[in-house]
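This is what each chain is made of:
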Amino acid sequence: MMPEAGETVSGLMVKKGFTYQIMAPGDLHAGVVPVPTLRVHDRVTVKQESPQHLSLHWTAEPISDMVSDSIIAMVLNISREMPKVVPEPEEETKSEEEKEKKMVKFREDGKLVIRVDENVAFLDIQSGDVESEHEGLKGRVRTAFLRIQKCV
């Protein structure tokens, strides 16, 4: 139905590609394809518009800007082969060897054991001392611990 000259037209303007359409709110669902959407820290909305296109929406403020920057950096560094999400087996079904491979745990002497790949670091949470044969891991654990202390 075409509106008469001078008649008021109301609805929602929908942009699809390079064309615009005015649609009644009730008809909107027919022309819109739902896209996968993710809300990050209640600040940034990420929508997958197509297999090669993501859109990010956020309110301009320092924290939201940092979250969106992190999302963009992560997306740009994702390899073509996406990592697979594998559910963690129940604790009682794990073997002793699998339980020992936990990334972080406490030793009997109270030191925190941090395991990254085949490297191990021991952190004394009272003094901040770090022991490790791998200097890179030792430095990262020390830096992370100091940053956590500053925040707390």
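Residues numbered from 1 in each chain as written. Predicted model: local features only at pLDDT ≥ 70, side-chain atom pairs only at ≥ 80, totals over all residues. Heavy atoms only, no water.

Draft legend 1. Representation of the side chain of lysine 138 in the model. Residue placement: lysine 138 occurs in helix α4 (residues 135-151). Glutamate 135 provides the closest opposite charge to the buried, salt-bridge-free lysine 138, at an N-O distance of 4.3 Å. Those residues in contact with lysine 138 that lie beyond four places of it in its chain are Val130 and Ser132. (Helix = DSSP H or I, 4+ residues; strand = E, 2+ residues; numbered from the N terminus. Buried < 20%, exposed > 50% of the residue type's maximum accessible area, 1.4 Å probe, protein only. Lys, Arg positive; Asp, Glu negative; His and termini not counted. Salt bridge = Lys/Arg side-chain N within 4 Å of Asp/Glu carboxyl O. Contact = heavy atoms within 4.5 Å.)

Draft legend 2. Broad picture of the sheet that holds strand β3 (residues 37-40). Strands sit in the order β3-β4-β5 across an open sheet of 3 strands; the sheet is antiparallel. At either end of the open sheet lies a strand with only one pairing partner, and these are β3 and β5 (53-58). Direction aside, neighbouring strands of the sheet carry axes that sit 20° apart on average. Pairing geometry for β3 and strand β4 (residues 44-50), over 4 bridges, is antiparallel. (Pairing = 2+ DSSP bridges. Axes fitted to C-alpha atoms, helices over the stretch in contact; angles between N-to-C directions.)

Draft legend 3. Up close: a nonpolar patch on the surface. Taken together, the side chains of Val9, Met13, Tyr20 and Ile22 present a nonpolar region at the surface, about 450 Å² in accessible area. Along the chain, the position of valine 9 falls in the segment before β1 (12-16). (Patch = residues over 30% accessible without salt bridge, like charges linked within 9 Å, V, L, I, M, F, W, Y side chains within 5 Å. Areas by Shrake-Rupley, 256 points an atom, 1.4 Å probe, with all protein chains shown as cover.)

Draft legend 4. Expanded view of unusual backbone geometry. Positive phi, close to 50°, is recorded for histidine 41, a residue that is not glycine. Topologically, histidine 41 is positioned in the loop between β3 and β4. Even without being glycine, aspartate 42 reaches a positive phi, approximately 55°. With respect to the helices and strands, aspartate 42 occurs in the loop between β3 and β4. Its relative accessible area of 66% is what places aspartate 42 among the exposed residues.

Draft legend 5. The arrangement of the pattern of salt bridges in detail. Considering all chains together, one arrives at 2 salt bridges under this definition. A salt bridge links glutamate 61 to arginine 43, with the nearest nitrogen and oxygen atoms 2.9 Å apart. Here arginine 43 lies in the loop between β3 and β4 and glutamate 61 lies in the loop between β5 and α2 (62-77), a separation of 18 residues in the sequence. With relative accessibility at 27%, the residue arginine 43 sits in the partly exposed group. Note that glutamate 131 is salt-bridged to lysine 111, the shortest N-O span being 2.5 Å. Taken together, the residues span a long stretch of sequence, with glutamate 131 in strand β9 (residues 130-132) and lysine 111 in the loop between β6 (104-106) and β7 (112-116) at a distance of 20 residues. Judged by relative accessible area, glutamate 131 falls into the partly exposed class, the value being 39%. Using a relative accessible area of 17% as the deciding quantity, one classes lysine 111 as buried.

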